[in-house]
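Chains, contacts and geometry: an overview
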Amino acid sequence: MELGEKVEVKLFRFDPFVDKEPHYEIYEVPYQSKMRVLGALRYMADELGVEFAFRDYCGINRCGCCGVKVNGVPMLACWEPIQPKMVIEPLDNFRHIKDLLVDRDEFDALIEGLNPRLVRKNPYSGFPEEITHAEMLPVFRLVDCIECGLCTSACPSVRELGLKGFSGPAAYVKLAMRALDPRDEGERDQVIVDNGIFHCISCLSCTEVCPQGIDVFRDAIEPMKRLAVSRKAYKGYKTFSAVREVIKESGDVNPMVLIKKIRGVWAVRDLVLAVKLGFKGKLTITQPANPGVSEIRQIIEVMEEKK
Amino acid sequence: MRIAYYPGCEAKMVAKEAHKATKVVVEKLGIELVELENAGCCGSMDLRIDSMDATLALNGRILALAEEAKAYKLLTVCNTCAMNLNTAISIYNKDEVARAKLNETLSVYGRRYNGTMEVITLPWLLLRLVGFVSMRKATQKPLNHLKIAPFYGCHMIRPMKFYGFENSMKPSSIDVMIREFFDGQTVNYIGKSSCCGFHTLLTEEKTSTSMVSYLLRNTVTSGADCIVTPCTQCHTSLDTYQQKALKATSENDFEVPIIHLSQLVALAIGIPKEQLGFEKHMINPLRLLESKGF
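Counting secondary structure elements, chain A contains 13 helices and 7 strands. Over its C-alpha trace chain A gives a radius of gyration of 25 Å, far above what one expects of a compact globule, namely 19 Å for 307 residues. If one aligns the C-alpha atoms of chain A with their principal axes, the spans along those axes are about 70 × 65 × 40 Å. Expressed as a percentage of its 307 residues, the buried residues of chain A come to 51%.

An α-helical turn contains 3.6 residues, so a residue and the one three or four places further along point in the same direction. For helix α10 (residues 238-250) of chain A, which comprises 13 residues, the first-to-last C-alpha distance of 18 Å matches the rise-based estimate of 18 Å (1.5 Å per residue) to within 8%. Looking at α10(A), one finds that the buried residues are Thr239(A), Phe240(A), Ala242(A), Val243(A), Arg244(A), Val246(A), Ile247(A), Lys248(A) and Ser250(A). Taken together, the buried residues of α10(A) touch α9 (216-230), α11 (255-263) and α13 (293-306) of chain A together with α3 (44-50) and α4 (52-68) of chain B.

What follows is about the pairing of strand β3 (residues 67-70) of chain A. All names here are of chain A. Neither face of β3 is open: one carries Gly 67 and Lys 69, the other Val 68 and Val 70, and all of them are buried. As paired strands, β3 and strand β4 (residues 73-76) are joined by 4 bridges and run antiparallel to one another. Bridge assignment links Gly 67 to a residue of β4, and that residue is Leu 76. In this antiparallel pair of consecutive strands, β3 and β4, the connection spans 2 residues, and Asn 71 shows a positive phi of 50°. The pairing of β3 with strand β5 (residues 85-89) spans 2 bridges and is classified as antiparallel. When the bridges of β5 are listed, Lys 69 appears paired with Glu 89.

All names here are of chain B. Tracing the backbone shows Asp 175 in helix α10 (residues 173-182). Classification of Asp 175 as buried rests on a relative accessible area of 5%. Engagement of the side chain of Asp 175 in a polar contact is seen with the side chain of Lys 192, the distance being 3.2 Å. If sequence neighbours within four positions are ignored, Asp 175 has contacts with Pro 150, Tyr 152, Thr 186 and Lys 192.

Moving on to the confidence of the model for chain B. Of all residues in chain B, 100% have pLDDT values of 70 or greater, and the mean over the chain is 93. With a pTM of 0.94, the predicted complex shows an ipTM of 0.92.

Before going further, it helps to examine the pairing of strand β1 (residues 2-6) of chain B. All names here are of chain B. Among the 5 residues in β1, 4 count as buried, and that is most of the element. Pairing of β1 with strand β2 (residues 32-35), which is carried by 4 bridges, proceeds in the parallel orientation. Counterpart to Ala 4 in the pairing with β2 is Val 34. As defined by bridge partners, β1 adjoins strand β3 (residues 73-76) across 4 bridges and the pair is classed as parallel. Along β3, the bridge assignment pairs Tyr 6 with Thr 76.

Right, let's get into the nonpolar core. Among soluble globular proteins, nonpolar side chains are generally buried collectively. Membership of the largest hydrophobic core comes to 178 residues, with the highest contact counts inside it found for Leu41(A), Leu36(B), Leu74(B), Leu125(B) and Leu126(B). At 10 residues, the largest contribution of residues to this core is made by α4(B). Apart from residues no more than four positions distant in its own chain, Leu74(B) is found in contact with Ala4(B), Tyr5(B), Tyr6(B), Leu36(B), Ile62(B), Leu63(B), Ala66(B), Leu85(B), Met117(B), Glu118(B), Val119(B) and Ile120(B). Residues Ala274(A), Val14(B), Phe198(B) and Leu216(B) belong to the second largest nonpolar core, which totals 27 residues.

Here the structure, examined in full by the defined rule, presents 9 aromatic pairs over all chains. One aromatic cluster in this structure is built from Phe198(A), Tyr234(A) and Phe240(A).

A few words on the interface of chain B and chain A. Opposite the 66 residues of chain B that make contact, chain A presents 65 residues. Taken together, both faces of the contact between chain B and chain A bury some 5600 Å²; the carbon and sulfur share is 61%. Together, Met13(B), Ile49(B) and Leu202(B) form the three largest contributors to the area buried by chain B at its contact with chain A, with a combined 13%. For the interface between chain B and chain A, the tally reads 8 salt bridges. A salt bridge links Glu295(A) to Arg111(B); the shortest N-O distance between them is 2.5 Å. Counting across the interface, chain B meets chain A through 22 residue pairs in polar contact (both at pLDDT 80 or more). Tallied by class, residues from the side of chain B that touches chain A come to 28 nonpolar, 19 polar and 19 charged.

Next up on the list: the sheet that holds strand β6 (residues 185-186) of chain B. All names here are of chain B. Ordered by their spatial adjacency, 4 strands build an open sheet running β6-β5-β7-β8, and the pairing between neighbours is parallel. Taken across any chain shown, the strands that pair with only one partner, and hence form the sheet edges, are β6 and β8 (258-260). Pairing of strand β7 (residues 226-229) with β8 involves 3 bridges; the strand directions are parallel. Within β8, the position partnered with Val 228 by the bridge is Ile 259. Running over the sheet, helix α12 (residues 232-240) touches β7 and β8 and is turned about 165° from β8.

About the thresholds
Each chain carries its own residue numbering, running from 1 in the direction its sequence is written. Here the convention is simple: chains get letters from A, ligands get numbers from 1, in the order in which they are written. Side-chain atom pairs in this predicted model are given and counted only at pLDDT of 80 or more, local residue features only at pLDDT of at least 70, and totals for whole chains, interfaces and linings cover all residues. To get the side-chain values, take all heavy atoms of the structure and skip hydrogens and water. A run of H or I in DSSP counts as a helix once it spans at least four residues, and a run of E counts as a strand once it spans at least two, with each numbered from the N terminus. The globule rule used for comparison is 2.2 Å times the number of residues to the exponent 0.38, while the radius of gyration itself is calculated over C-alpha atoms. Three exposure classes are used, based on accessible area relative to the maximum for each residue type with a 1.4 Å probe and protein chains only: buried under 20%, partly exposed in between, and exposed over 50%. The span you would expect from a helix comes to 1.5 Å times its residue count less one. In this description, contact between two residues means that some pair of their heavy atoms is separated by no more than 4.5 Å. Paired strands, in this sense, are two strands between which DSSP finds at least two bridges. For the purposes of these results, a polar contact is taken to be a pair of N or O atoms within 3.5 Å, where, inside protein, one atom must be able to donate a hydrogen and its partner to accept one; residues adjacent in sequence count only when each atom of the pair is a side-chain atom. Looking at any residue, its pLDDT shows the predictor's confidence there, from 0 to 100. Residue types Ala, Val, Leu, Ile, Met, Phe, Trp, Tyr and Cys, when buried and joined through side-chain atoms within 4.5 Å, form a set referred to as a nonpolar core. Think of it this way: a Phe, Tyr or Trp ring, Trp meaning its six-membered ring, pairs with another when their centres are within 6.5 Å, and the plane angle makes it stacked under 30 degrees, edge-to-face over 60, tilted otherwise. Throughout, the accessible surface (probe 1.4 Å) given up by two parts as they are put together, summed over both, is called the buried area. In the sections that follow, a salt bridge refers to a side-chain nitrogen of Lys or Arg positioned within 4 Å of a carboxyl oxygen of Asp or Glu. Asp, Glu, Lys and Arg are counted as charged, while Ala, Val, Leu, Ile, Met, Phe, Trp, Tyr, Cys and Pro are counted as nonpolar; the rest, among them Gly, fall into the polar class. In this analysis an axis means a line fitted to C-alpha atoms, helices contributing only their contacting stretch, and an angle means the value between N-to-C directions, from 0 to 180 degrees.

Shown next as structure tokens:
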């Protein structure tokens, strides 16, 4: 873009004391060198005299309070460059207070409730403690989390279940930061499951929107699921080993065989659906084994031994 | 061009019509397709939890098989397979130590992975490898009467660092394809980059079905006739569980046919609809297609 070129901003406006429904107002902001989304918001407030509510503080991707939704994608206003046409809205999955302000109380209380601090029960040597890079590797990136809540606002499971049913990726990052720490001695298995981590549908939206570049799914959610499954804290832990068994048996996964293995007699629950699918030719009870099955079985066994 | 084809369990066991349609389409476009018949499962998201090492080794094996078949690229029609294979690629193509360890395991069976394979999905194949000119030439039946809601599925677009193909939160490849190649109409709807909920179907079914009904509701209110998806798992979730999902949210006054991208492309390049297995769908799209003149 060139200097002075007009940027069209469609701003979300909502004042609960005046408006019944939210509405949008359109403003034009001249482009300035190295302009960020926050620059446009500040220009509107300072130069155009628009009276609207938004949060900003540090301006350098550290405080995590200027999260907004620009053209449908959650991002930090201070960090993302301006786009020629922008629709600026408050974050999803949070209660909207006014204009771009969202209510963070429930979110903050949730994180606080997880007790994201090191729990030490046994005496330790004191500070500084001897600890290697390799030991800190699982939590190394997670401590970068600035609690901006972008991942939680992008999460479809939070959208469907609310923060009460599913604490959201941001909370899991804070929990994983301690649960995966080798020094931590807290009882966290049940906390992980109770916060609904198995409602995570592995869509990776959290990873994509993180302004700190944390791979939320692979570094926080997956290891915690692994922890809860390996310690049998989760009631559906059998599903995961059943998949391995089915692959070892036939190389491919036939959903019929898998469901029978997981649910046992209770597979009857899905009988209606199974009959319908069978009628359409979508399911087969017996499956021809994959020609490479013995090789696949041996590879999995070798990897199990190494573990 | 010689492309290796890895269908994945879902296409082999459930969405057999996509398996067939993909083969028909790619062969009609003049590409040689080699199916990796002894490839086996990629591990999905479940084996990853159980054992990440085993998942990586299985995917490494699939990549080695594709190299063995002397293929230029590896095509898969399942998004999660694409992501798992890309996870393996991100490790084995760069890290020689990890590759040596993999080859140690594979050498027992006389296989070896040299770190040269790349994974592609159907939109990638059509947009990048076949290209605009050949696709326009191949198009025989424009899709201009259908209002299509493209649904991408998560693992084809995220994580972006694996693909670098399109914007991971605002995908557009299938929209572009339908509009530019086949003169079709696409609709924009909320939740285009959202999830179909497949990966919790076995553990937390309610979460999955609520995702399904959210998507169906949004596509219907945006005026779409059908949903088109490139992923076989998304198809299973949206099609097979559609009635259950709409019943759970007590919205059983509508239904949305879900069409595989391969089937749609096949229709556009003039393959008769009788060959494409539409009767296998739970929500039969044939009535819609016939009313639109196919």
